[in-house]
Amino acid sequence: MPGDIPSQIERLKHKAEVLFSRYQLLKQQKMGADEEIMQLRATVEERDRQIDSLNREIQYLKTAVGIAPSKEELEQSRQILTQLVRDVNKCINDLKQ
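To start, this report covers the structure provided alongside it. (Residues numbered from 1 in each chain as written. Predicted model: local features only at pLDDT ≥ 70, side-chain atom pairs only at ≥ 80, totals over all residues. Heavy atoms only, no water.)

Side note on the pattern of salt bridges
Part 1 of the reasoning: Under the criterion given, the structure shown has two salt bridges.
Part 2 of the reasoning: Here Asp 34 and Lys 30 are joined by a salt bridge, their closest N and O atoms 2.6 Å apart. Of this pair, Asp 34 and Lys 30 both sit in helix H1 (residues 4-67), four residues apart, which is roughly one turn of that helix.
Part 3 of the reasoning: With relative accessibility at 30%, the residue Asp 34 sits in the partly exposed group. (Salt bridge = Lys/Arg side-chain N within 4 Å of Asp/Glu carboxyl O. Helix = DSSP H or I, 4+ residues; strand = E, 2+ residues; numbered from the N terminus. Buried < 20%, exposed > 50% of the residue type's maximum accessible area, 1.4 Å probe, protein only.)

The structure is reproduced here in structure tokens:
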């Protein structure tokens, strides 16, 4: 029995060393995973900012397209302006006479 205690102590010591080395490995893996999580969160935040920016740009473009006149409206406006210029020129000529 006295020889049995030192061997039990040795086995416990060996098991404690194995546990400690596993703990160290798990701790390193956790630190690596935590770092990766932080990087991924930063990436997600950046992507969210990009998405928000692009959504705002889409809204601006939709608004601009909604405000922009159609080809028919442009042509009609040109005709009105041309007629107004002619009328002004007539008035100027009438005033000169």
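Some points on the environment of Arg 22
Part 1 of the reasoning: With respect to the helices and strands, the residue Arg 22 is situated in helix H1.
Part 2 of the reasoning: Of the residues examined, Arg 22 reaches a relative accessible area of 55% and is grouped as exposed.
Part 3 of the reasoning: Sequence spacing of Arg 22 and Leu 54 is 32 residues, and the spatial spacing of their C-alpha atoms is 47 Å.

Everything listed here is a matter of coordinates, which is why it stays silent on function.
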